[in-house]
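Chain by chain, the residues:
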Amino acid sequence: MIRLVPNHASKIKRRDKVGFTFDGLRLEGRRGESLAAALLQAGHLNLRTAPFGDAPARGAFCHMGICQECAVRIEGRTVEACRTELTDGLVVERVS
Amino acid sequence: MSYDIAIIGGGIMGCATALRLAEGGMHPIVLDQGDLGQGASGVNAGTLSLQIKRVQLMPYALRGHDLWAQMGDAVGFHKSGGYTLAFNAREAELLTERQTLKAEAGAPIEFVSNAQLRRAAPNLTQNVVAASYCAEDGYANSSLTGQYYRGRLQDAGIAYRTHSPVTAIDKTTAFELATPQGTVRAKRLLLAAGAWLKPVAAMLGVDLPVQARVNTVSVTERMPPLMSSVIGHATGLLTMKQKANGTVLIGGGWQGRGTPQDGRGTVASDTLRPNLALAQYAVPSLGSARVLRSWTGFEANVPDFYPLAGALPHVAGAYVLGCVRGGYTIGPYISRLMGDFILGQEPELPLFDPGRAYTKEPT
């Protein structure tokens, strides 16, 4: 089967808290977990707006790199939060 | 038990011919080495465009469009209309020459002014020198081919076996086909194996001059509405449409690598990049779109690029259908003709003798 998101559960350090920002908000997560998981735990389910249509609020749905509903901007690139490993000081913004 | 006909290949050709034969009272069985509609029938870009069909095949393509329209939502059919674009004088000349011939052959193609084009498709580049439009053009969703025909075969009570590659064919009074699930016996045989026709015909000692192109297709992330019609290029090197979910499907026959015998083909960056660059030139807003996936499919053809549709040379009771050049569009219709021919009836339009000389001629 296709596995776009590697299984790196063993890499997640639950006691090792790291800070990151989401649209300027300072948030905390655990080193090694996916950015989508960290945002979810911090209470941010609405990650982006729909490209069109009347259901504007979108959030991580598949958590495996397919649905694109968790796309965010990091260092000028659009990436899927579910496929991005959380590191210290990550600066994350919504796609405009 | 013995079947009236065994059909090797469960794509559009094999399934649609089986349906026609069953309507005529025959008992067919469809065999596929994988699953139904997983070859070219299921991975192509889904374009239904009269503007990219060969002039001599236009009567077949026009009737093919009617059949796709009848299949409707079950195959994701949309009649969106389509524009073909030229970006310089040389391409404009090519566009005028080719589309005039196709219009004379019966396709409702018209040339449109820049002003008309900009009103209808405001997100296109301003660098269009000439454009043609065909209201009959559109697209369907090729990934629905397999499930559509599976349902049709089941409804008609037609036998089919998937994951059933034919490994040897014995011809005595009837055909005996060796498969991993046992021997299948049938009075007649239709080869409809697409890009895999050559090795299948070789089992009967017939050398078909079939080659495979390795066409590349890509899909982007969901985008705001950018185009409401199918967009093509005068050279045929671009086809593009935006689906209802916002994703943009980009094709144009750019060649990946690999052969049918090796399994799936692979995407080649040196052909993918110009394919995407041409798409982005046509619709500049695509510059911000991410490509989510690119893949390839094998399109079979013979040296003169006309279909194989008729009796297989040298083997009584055997037939071949494939290499149609526009097989997605024309497949459902030419399969009916093939079915009528096997049933001993005169087809509505002529078939294409697989025993011909294959002299190359300019397109």
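Residues numbered from 1 in each chain as written. Chains lettered and ligands numbered in written order. Predicted model: local features only at pLDDT ≥ 70, side-chain atom pairs only at ≥ 80, totals over all residues. Heavy atoms only, no water.

- Under an unreviewed UniProt entry, chain B has the name Glycine/D-amino acid oxidase and belongs to Litoreibacter albidus.

- Chain A is annotated in an unreviewed UniProt entry as 2Fe-2S iron-sulfur cluster binding domain-containing protein from Litoreibacter albidus.

1. Overview of the nonpolar core
Across soluble globular proteins, nonpolar side chains have a tendency to be buried as a group.
Residue and element names in this part refer to chain B.
Then step 1. Counting 48 residues, the largest nonpolar core has W68 and I334 as the members making the most contacts within it.
Then step 2. Among the elements of the structure, β1 (2–8), α1 (12–23), α3 (58–71), α6 (145–155), β18 (318–322) and α9 (327–342) are those that each provide at least two residues to this core.
Then step 3. Aside from chain neighbours lying at most four places away, what touches I334 is M13, P307, A309, L321, V324, L351 and F352.
Then step 4. The next biggest cluster of nonpolar side chains, apart from the first, holds 33 residues, and it includes Y3, L31, L197 and A201. (Core = buried A, V, L, I, M, F, W, Y, C linked by side-chain atoms within 4.5 Å. Buried < 20%, exposed > 50% of the residue type's maximum accessible area, 1.4 Å probe, protein only. Helix = DSSP H or I, 4+ residues; strand = E, 2+ residues; numbered from the N terminus. Contact = heavy atoms within 4.5 Å.)

2. A look at the packing of aromatic side chains
Residue and element names in this part refer to chain B.
Then step 1. Enumeration according to the criterion identifies 9 aromatic pairs over all chains in this entry.
Then step 2. Plain terms: the ring middles of W68 and Y328 are 4.4 Å apart, the flat faces sit at 35 degrees to each other, and that makes the pair tilted. In this pair, W68 is assigned in helix α3 and Y328 in helix α9, connecting sequence segments 260 residues apart. Note on accessibility: W68 and Y328 belong to one class, buried.
Then step 3. Ring-pair connections join several aromatic residues into one group, and the members of that group are Y60, Y306, Y333 and F352.
Then step 4. One cation-aromatic arrangement involves R54 over Y306; the distance from NZ or CZ to the ring centre is 4.1 Å. (Phe/Tyr/Trp six-rings, centres within 6.5 Å; stacked < 30°, edge-to-face > 60°. Lys NZ or Arg CZ within 6 Å of the ring centre and 35° of its normal.)

3. Focus: unusual backbone geometry
Trans is the prevailing form of peptide bonds, just as negative phi is the prevailing case for residues other than glycine.
Residue and element names in this part refer to chain A.
Then step 1. Unusually for a residue other than glycine, D23 sits at a positive phi of about 50 degrees.
Then step 2. Locating D23 in the fold gives a position in the loop between β1 (13–22) and β2 (25–31).
Then step 3. Its relative accessible area of 41% is what places D23 among the partly exposed residues.

4. Focus: the sheet that holds strand β14 (residues 239–242) of chain B
Residues and elements named next belong to chain B.
Then step 1. Taken in spatial order, the 8 strands make up an open sheet running β5-β6-β4-β13-β14-β15-β12-β16, and their pairing is mixed. The two strands at the open ends of the sheet, each matched to only one other strand, are β5 (109–112) and β16 (291–301). Averaged over all adjacent pairs, the angle separating strand axes in this sheet is 20 degrees, with direction ignored.
Then step 2. When strand β12 (residues 211–220) meets β16, the two strands line up antiparallel, connected through 10 bridges. The residue of β16 that forms the bridge with V219 is R293. (Pairing = 2+ DSSP bridges. Axes fitted to C-alpha atoms, helices over the stretch in contact; angles between N-to-C directions.)

5. Regarding the environment of Y148 of chain B
Residues and elements named next belong to chain B.
Then step 1. With respect to the element layout, Y148 can be found in helix α6.
Then step 2. For Y148, a relative accessible area of 13% puts it in the buried group.
Then step 3. Taking the C-alpha atoms as reference points, Y148 and F298, 150 residues apart in sequence, are found 21 Å from one another.
Then step 4. Once you skip the residues sitting within four places of it in the chain, Y148 turns out to touch M71, A74 and V75.

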